[in-house]
Amino acid sequence: MGLTHFPNGVSTFGYPVLPPIPFSADSIYYYVDSINGNDGNSGTDPSQAFKTVEKGYAQLRAGHYDTLFLIGLGTAFTIAASINWSKDYTNLVGITAPLQTAQRVRIT
């Protein structure tokens, strides 16, 4: 992913601007986009995001601080069955447009 510019001179080099998230030397970041994603994608770049939370969760490795980012695009993520989040040292983070109201990442 290329250089990404935000107002006020912030450049992210394609990575989300977020508060500190635990990571290790071999952490992997995966992305889920319920509108534009595809479970056949690699999931490791927002433009190659998975479609379902289940697929993203299946890729996470316990003990490596892997992170699953849910890209909120105005619709809730619907899962077929409950997920028992049992992988230690993994993270789930919702990311949305930088608006003060009406932007949320929901799982139903």
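Residues numbered from 1 in each chain as written. Predicted model: local features only at pLDDT ≥ 70, side-chain atom pairs only at ≥ 80, totals over all residues. Heavy atoms only, no water.

Peer 1: How do you make sense of the side chain of N91 when you look at a structure like this?
Peer 2: The topology assignment puts N91 in strand β5 (residues 91-95). At 3.0 Å, the side chain of N91 and the side chain of T67 are in polar contact. Residues within four places of N91 in sequence aside, it is in contact with I21, P22, Y65, D66, T67, L68 and W85. (Helix = DSSP H or I, 4+ residues; strand = E, 2+ residues; numbered from the N terminus. Polar contact = N/O pair within 3.5 Å; in protein donor to acceptor, adjacent residues only side chain to side chain. Contact = heavy atoms within 4.5 Å.)

Peer 1: Sorry, what's going on with unusual backbone geometry here?
Peer 2: Backbone phi values are negative for most residues with the exception of glycine, while trans is the configuration of most peptide bonds. The phi angle at Y65 is positive, at roughly 60°, despite the residue not being glycine. Tracing the chain through its elements places Y65 in the loop between α1 (53-59) and β4 (67-71). The phi torsion at Y89 lies on the positive side, around 60°, for a residue other than glycine. You can see Y89 is positioned in the loop between β4 and β5. Judged by relative accessible area, which is 51%, Y89 ranks as exposed. (Buried < 20%, exposed > 50% of the residue type's maximum accessible area, 1.4 Å probe, protein only.)

Peer 1: For this particular structure, what's the right way to read the sheet that holds strand β3 (residues 29-32)?
Peer 2: Note on sheets: strands pair through backbone hydrogen bonds, and any given pair is parallel or antiparallel. Spatial ordering of the open sheet is given by β3-β4-β5, a layout of three strands whose pairing is parallel. The open sheet has two edge strands, β3 and β5, and neither has a second partner. Between one strand axis and the next, the sheet turns by 25° as a mean value, whatever way the strands run. With four bridges connecting them, β3 and β4 associate as parallel partners. Bridging across to β4, Y29 finds its partner in T67. (Pairing = 2+ DSSP bridges. Axes fitted to C-alpha atoms, helices over the stretch in contact; angles between N-to-C directions.)

Peer 1: In this structure, what is going on with the pairing of β5? I would like to understand it.
Peer 2: Within a regular strand, side chains alternate between the sheet's two faces. Side chains N91, V93 and I95 project from β5 onto a buried face, and the interleaved L92 and G94 project onto a face without burial. Direction of pairing for β4 relative to β5: parallel, over a ladder of five bridges. Each bridged residue has a counterpart across the sheet, and for I71 the counterpart in β5 is I95.

Peer 1: Can you help me understand the packing of aromatic side chains in this one?
Peer 2: How two aromatic rings sit relative to each other is set out by the distance from centre to centre and by the angle between their planes. Tallied over the full model, the rule gives five aromatic pairs. Their ring planes at 65° and their centres at 5.2 Å tell us that Y65 and Y89 sit as a pair that is edge-to-face. On the criterion of sequence distance, the pair formed by Y65 in the loop between α1 and β4 and Y89 in the loop between β4 and β5 is long-range, its members being 24 residues apart. Cluster of aromatic residues (ring-pair linked, three or more members): Y29, Y31 and F69. Between K87 and the ring centre of Y57, over which it is positioned, the NZ or CZ distance is 4.5 Å. (Phe/Tyr/Trp six-rings, centres within 6.5 Å; stacked < 30°, edge-to-face > 60°. Lys NZ or Arg CZ within 6 Å of the ring centre and 35° of its normal.)

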